[in-house]
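Each chain, letter by letter, is given below.
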Amino acid sequence: MSKPTVAVKSVIIRFAGDSGDGMQLTGDRFTMDTASLGNDISTLPNFPAEIRAPQGTLPGVSSFQLHFADHHVRTAGDAPDVLVAMNPAALKANIKDIPRGATIIVDKDEFTTRNLTKVGYLTNPLEDGTLSSYKIHPVALTSMTVSALSELPLSRKEAERAKNMFALGLLSWMYHRPTDATEAFLKAKFAKKSDILEANLIAYRTGWNYGETSEDFATSYEVAPAHMPPGIYRNIGGNIALAYGLIAASQQSGLKLFLGSYPITPASDILHELSKHKKFGVITFQAEDEIAAVGSALGASYGGALGVTTTSGPGIALKSEMIGLAVMLELPLIIIDVQRGGPSTGLPTKTEQADLLQVMFGRNGESPAAVIAASTPSDCFTMAMEAVRIATTYRTPVFLLSDGYIANGSEPWKIPDVATLPKFDIGFAKSQENFLPYERNPETLARPWAIPGTAGIEHRIGGIEKQDKTGEINYEPANHDFMVRTRQAKIDGIEVPDIEVDDPSGDAKVLFLGWGSTFGPIASAVEELRNNGEKIAQAHLKYINPFPKNLGAVLAKYETVITPEMNLGQLAMLLRSKYLKDIVGYNMVRGLPFTTAELVEAAMGVLHND
Amino acid sequence: MTDVALTKKDFTSDQEVRWCPGCGDYSVLSTMQAFLPELGIPRENIVFISGIGCSSRFPYYLNTFGMHSIHGRAPAIASGLAISRPDLTVFVITGDGDALSIGGNHLIHALRRNVELKILLFNNRIYGLTKGQYSPASEQGKITKSTPYGSLDTPFNPVSLAIGAEATFVARTIDSDRKHLTETLRQAAAHKGSALIEIYQNCPIFNDGAFDQVKDNETKEGSLLQMVHGQPIKSSTFGVIRDGASFKLVELNAVDEPQLVIHDAHDPDPSYAFALSRLSGSDLEHTPIGTFRDVIRPGYSSMVNDQLASVIAAQGAGDLEKLLHSGDTWVVD
């Protein structure tokens, strides 16, 4: 007897549990199974900095939110339709985000007096009526999992650990997700642990069957595939996309990829990913500190490799002097800053955009470097290649900004055709007489990339001011002034694409201008505003130093420019100082991405002078 | 390889040398310029990387590739270069402030990894370029501009530090002893992994005479404990004998020659070389000189590149198309 199926256009699910409950894995698997159905999707993991905070406490709650739809989605969504809470802590930590009427599935076995007391519930919310405005499903997740596995030679603790697969199975039934990919995934993951594999498969199927048979779940839901351009797709997160972009750039340039890195949240996954790909000739060097990480990358660049370092804000602070040397040496260097909440240690696992001024100006002297920013997880691939184009063409350090949101979030990515990827022509300096290491290309102002091993061009460079052309030590006032201006002119002259403005009516008076990971929330808000009949334009900055050449004209065209930033107005400061145009900031530093609703509200305030 | 043998002149750059008159750096530079042709390595395949300090101007005066980098970081930069370019011969030029103070971390890590770097640590026991503050190698109680009542810090013994980091080659030599310096450079160049050479170097401006005990004709023979592999360790007046797990000094006329320790630079146990390094104090009255330790351990860049080669041999070279399509994919028609 089959249950009724209801078609819905989009769903937002949040899986929440203890750090040890496997919520990230559960979310990842649901994401993969959803992506393969052709829904558009966006994800937002949210986890504590502590590896294992005490079990069952509020600081230990980890969650994974995903938004999937039969249409294009830009964010992981503001308000979940479904909350899966594996214990009272997960319920308590998340309930404020859950709109009334939403579905809440809890593991009722975990709602013991002890666990309730631990998080400050005086009465059991499953019984005291406080959840009466939600569709609440108390499910005996733990005990049903354990009893389904009673035949296996597992301890109770081991059996309990499979309960996340029960939850995944149940949700997969509710939303008609295919099961074969997750089963294949489990078989590969636990290939050498047959009991654990069996336990996970049984729990997964039991969860599915529970949905099918339990009277508690009367309805299942279907979300039709989204209309997406034809092609081959995969799901991709920002850090993996950065790693792939760097490998692609290495292949397209013929340069050996050298990553010097020191582990730091939320950038470490780039190091992990690149360390797997030795067959591409990728060298990953886990250095003794952030300074050695960038130093080794600069040394590799000096030798003709593609030198890259990956870090977050605190790491940039440590690397600054070495980046100044790279500015002086005029060598290609890629510095990836996956921003997190600051200052100091700040919020290591949360997102923020407050390193912009640090990467622009955080060095001694006049020390210009290129700065670009990725806007979505998959855009990280494109921008990694752009960083390499700029660094190698102009022989300069390039900062590529990402952040915790797009690093850990994911979205479907139409895999590009390798044949269409740009190729980079490097052109190392050749053997010659009377070689001048600081003689510049008249168009790009780049100096030669003159690598050791090339006879006849032996030369000495360093951090002391250099004489124009010869590169010899020079302290003369006029030469210093000239070199400072020349280094600045080189960065100012970097060719970057014009900023594109999306203004369908052509007569909007207000422009939403963002940068970095705010793209999704802004685009989502703009869509909603237009659906409500508002006229609003959107543009997104991916090139910050230098700005696109048309930016001044774009800003001048609009009466009001609103710039949402997860900082206190850093891009706004740059825009005001360069273009003398006032900017209306919308600034929040909560460690979380903007919601669509708050940006809509902010825009409505400007549009209607509230 | 170049066909015509190179000479000292080939390794001398056109830059005017700007150290103070009488600086010990001159003799080290001249010895290096004279030694390099012996290596038979083309100039373009030799790189000198330095940090900050008087000695760190060294690369400017050699007609090879060179980088005068930032304070303390030369081993880090040189590591990236050596790992990605195993075809090059990379020297690091540093001083006691540069290597032991601001750059201490990079020094010990380069040594423990055994990156193929030849590190020349010019030890003048003072900060010269910043005009005369005490350094981490200065003797305790030293009166300097920043310690008018005497320094309180216990100094580093650079050789002990390097051996503690399990460096595979550690030696000590003296700026003015061209013959000994050349021989030490020769041994370091022949060594496959990291080599650290501490060079006692006189600063005539801020710490003149710091090493007179081991340089003056009257005292040097009696102070320098000569370490030559396979030979007894002794000065003209003292010898080294075993004392449990350690060593002690005895007057030569109070001991039979066969009791003296025969130097074994190849002893794999670093505690042997470490114990030797502890024989000297800040007063330099008994100073071991020569190669403390010269043992074989795989070099870091050769291991890195062997690992790359073995992965490629096992899996084939990477295919970008396959990488981008790895994992779960789906088709939208």
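Residues numbered from 1 in each chain as written. Chains lettered and ligands numbered in written order. Predicted model: local features only at pLDDT ≥ 70, side-chain atom pairs only at ≥ 80, totals over all residues.

### Description of the overall build of chain B
In terms of helices and strands, chain B carries 11 helices and 11 strands. Here chain B has a C-alpha radius of gyration of 22 Å; the compact-globule value for 333 residues is 20 Å, and the two agree. Dimensions of chain B, computed from C-alpha atoms along their principal axes, come out at roughly 90 × 50 × 50 Å. For chain B, the residues scored as buried account for 49% of the 333 residues in total. (Helix = DSSP H or I, 4+ residues; strand = E, 2+ residues; numbered from the N terminus. Rg over C-alpha atoms; globule rule 2.2 N^0.38 Å. Buried ≥ 20, exposed ≤ 12 C-beta atoms within 10 Å, placed from the backbone.)

### Details of the overall build of chain A
Along its length, chain A carries 20 helices and 23 strands. By the compact-globule yardstick of 25 Å for 610 residues, chain A fits well, its C-alpha radius of gyration being 27 Å. Across its three principal directions, the C-alpha atoms of chain A cover 85 × 60 × 45 Å. Within chain A, contacts between residues separated by at least 24 positions form 76% of all contacts whose residues are at least 6 apart in sequence. (Contact = placed C-beta atoms within 7 Å.)

### Let's talk about the nonpolar core
All names here are of chain A. If you look at the biggest cluster of nonpolar residues, it comprises 195 residues, and the most contacted ones within it are Ala384, Val398 and Leu400. The two domains that each donate at least three residues to this core are domain 2 (234-420) and domain 3 (501-607). Counting residues in hydrophobic clusters, the runner-up holds 56 residues, among them Leu44, Leu66, Ala69 and Ala199. (Core = buried A, V, L, I, M, F, W, Y, C linked by C-beta atoms within 7 Å. Domains from an automatic or database assignment.)

### Section: the sheet that holds strand S23 (residues 584-587) of chain A
Residues and elements named next belong to chain A. Spatial ordering of the open sheet is given by S18-S20-S19-S22-S23, a layout of 5 strands whose pairing is mixed. The open sheet terminates on both sides in strands that have one partner only, identified here as strand S18 (501-502) and S23. Along the sheet, helix H20 (residues 596-607) makes contact with strand S19 (510-515), strand S22 (560-565) and S23, crossing S22 at roughly 160 degrees. (Pairing = 2+ DSSP bridges. Axes fitted to C-alpha atoms, helices over the stretch in contact; angles between N-to-C directions.)

### Quick notes on helix H10 (residues 300-315) of chain B
With 16 residues, H10(B) should cover 22 Å at 1.5 Å per step; its first-to-last C-alpha distance of 23 Å lies within 8% of that length. Listing the buried residues of H10(B) in full gives B:Tyr300, B:Ser301 and B:Val304. Seen along its axis, H10(B) keeps its buried residues to an arc of 110 degrees; they face one direction. Exposed and oriented more than 90 degrees from the buried face of H10(B) are B:Ala309, B:Ser310, B:Ala313 and B:Ala314. Against the buried residues of H10(B) lie strand S11 (283-286) of chain A together with helix H2 (74-84) and helix H4 (104-113) of chain B. Positioned one or two residues after H10(B), B:Gly316 has a phi angle of 80 degrees, which is positive. (Expected span 1.5 Å × (residues − 1). Arc of directions from axis to C-beta.)

### Looking at unusual backbone geometry
Put simply, A:Thr265 and A:Pro266 share a cis peptide bond, and its omega is 0 degrees. Along the chain, A:Pro266 turns up in the loop between strand S10 (257-261) and helix H10 (268-275). Its identity is not glycine, yet A:Glu330 carries a phi of approximately 55 degrees, on the positive side. On the secondary structure map, A:Glu330 appears in the loop between helix H12 (313-329) and strand S13 (333-339). Backbone geometry at B:Leu284 places phi at a positive 65 degrees, although glycine is not the residue there. Within the element layout of this structure, B:Leu284 appears in the loop between helix H9 (270-277) and strand S10 (287-294). C-beta crowding within 10 Å serves as the criterion here: with 19 such atoms nearby, B:Leu284 is assigned to the partly exposed category.

### Structural notes on the packing of H2(B) against H4(B)
Where H2(B) contacts H4(B), the axes come no closer than 8 Å and their chain directions differ by 35 degrees. Each of B:Pro75, B:Ala76 and B:Ser79 in H2(B) lies in contact with H4(B), whose residues at this interface are B:His106, B:Leu107 and B:Ala110.

### With respect to helix H8 (residues 194-213) of chain A
Residue and element names in this part refer to chain A. With 20 residues, H8 should cover 28 Å at 1.5 Å per step; its first-to-last C-alpha distance of 28 Å lies within 8% of that length. For H8, the set of buried residues is Ala199, Asn200, Ile202, Ala203, Tyr204, Thr206, Gly207, Trp208, Tyr210 and Gly211. Summarising the contacts, the buried residues of H8 are in contact with helix H4 (141-148), helix H5 (156-160), helix H6 (163-174) and helix H7 (180-189).

### Regarding the pairing of strand S3 (residues 40-46) of chain A
Residues and elements named next belong to chain A. Most of S3 is tucked away, with 7 of its 7 residues classed as buried. Neither face of S3 is exposed, since Asp40, Ser42, Leu44 and Asn46 on one face and Ile41, Thr43 and Pro45 on the opposite face are all buried. Pairing analysis gives 7 bridges linking S3 to strand S4 (residues 61-69), with the strands arranged antiparallel. Bridging from a neighbouring strand, isoleucine 41 pairs with phenylalanine 68 of S4.

### Section: the domain arrangement of chain A
All names here are of chain A. Segmentation of chain A into domains returns domain 1 (5-222), domain 2 (234-420) and domain 3 (501-607). Between the C-alpha centres of domain 2 and domain 3 there is a distance of 26 Å. On the domain 3 side, the residues contacting the 22 residues of domain 2 number 19 residues. In terms of residue count, the dominant contributor to the side of domain 2 that touches domain 3 is strand S14 (residues 370-373) (4 residues). The residue inventory of the side of domain 2 that touches domain 3, partitioned by class, reads 14 nonpolar, 5 polar and 3 charged. (Nonpolar A, V, L, I, M, F, W, Y, C, P; charged D, E, K, R; others polar.)

### A few points about the sheet that holds strand S17 (residues 460-462) of chain A
Think of a sheet as strands paired side by side through backbone hydrogen bonds, with each pair either parallel or antiparallel. On the basis of which strands lie adjacent, the open sheet formed by 9 strands has the order S17(A)-S2(B)-S1(B)-S3(B)-S4(B)-S6(B)-S5(B)-S10(B)-S7(B) and mixed pairing. Both outer strands of the open sheet, S17 of chain A together with strand S7 (224-227) of chain B, are each paired with one neighbouring strand and no more. Across the sheet, the mean angle from the axis of one strand to that of its neighbour is 20 degrees, orientation sign disregarded. The pairing of S7(B) with S10(B) spans 4 bridges and is parallel. Residue pairing in the sheet places B:Gln226 in a bridge with B:Ile289 of S10(B). Against the sheet, H9(B) touches strand S5 (169-174) and S10 of chain B, its axis set at about 165 degrees to S10(B).

### Concerning the interface of chain A and chain B
With 56 residues of chain A at the contact, the number on the chain B side is 52 residues. Contributions of two or more residues to the side of chain A that touches chain B are made by helix H1 (23-35), strand S9 (231-237), helix H9 (238-253), S10, S11, helix H11 (290-302), H12 and S17 of chain A. Take the side of chain A that touches chain B: its biggest share by element is 9 residues, from H11(A). By residue class, the composition of the side of chain A that touches chain B is 30 nonpolar, 17 polar and 9 charged. In this sheet, strand S11 (residues 329-332) of chain B lies alongside S9(A) in antiparallel orientation, the contact comprising 4 bridges. In the sheet register, A:Tyr233 faces S11(B), and the bridge partner there is B:Trp330.

### Let's talk about the packing of H11(A) against H12(A)
The description of two packed helices rests on the angle between their axes and on the distance between the axes. All names here are of chain A. Where H11 meets H12, the closest approach of the two axes is 8 Å, and the angle between their N-to-C directions is 30 degrees. For the element pair H11 / H12, the angle class is roughly parallel. The two elements H11 and H12 meet at a crossing, and its hand is right-handed. Contacts between H11 and H12 involve Glu290, Ile291, Val294, Gly295 and Leu298 from the first element and Gly315, Leu318, Lys319, Met322, Ile323, Leu325 and Ala326 from the second. By residue class, the composition of the contact of H11 with H12 is 8 nonpolar, 2 polar and 2 charged. (Parallel < 35°, antiparallel > 145°, perpendicular 65-115°, else oblique. Left-handed = near helix turned anticlockwise from the far one by under 90°.)

### Brief notes about the environment of A:Tyr586
Residue and element names in this part refer to chain A. Take tyrosine 586: it is sitting in strand S23. For tyrosine 586, a count of 23 C-beta atoms within 10 Å puts it in the buried group. Along the backbone, tyrosine 586 and methionine 566 are 20 residues apart, and their C-alpha atoms lie at a distance of 8.4 Å. In contact with tyrosine 586, other than residues within four places in its own chain, are Ile562, Pro564, Leu599 and Ala602.

### Digging into the pairing of S11(A)
Residues and elements named next belong to chain A. Here 4 bridges tie S10 to S11, and the two strands are oriented parallel to one another. Of the residues in S11, the one forming a bridge with serine 261 is glutamine 286. Once the chain exits S10 it traverses H10 before rejoining the sheet at S11, and the crossover so formed is right-handed. (Right-handed = clockwise from strand over helix to strand, strands pointing away.)

### Thoughts on the confidence of the model for chain B
With 99% of its residues at a pLDDT of 70 or more, chain B has an overall mean of 96. For this predicted complex, the interface confidence score (ipTM) comes to 0.97, while the overall pTM stands at 0.95. (pLDDT = per-residue confidence, 0-100.)

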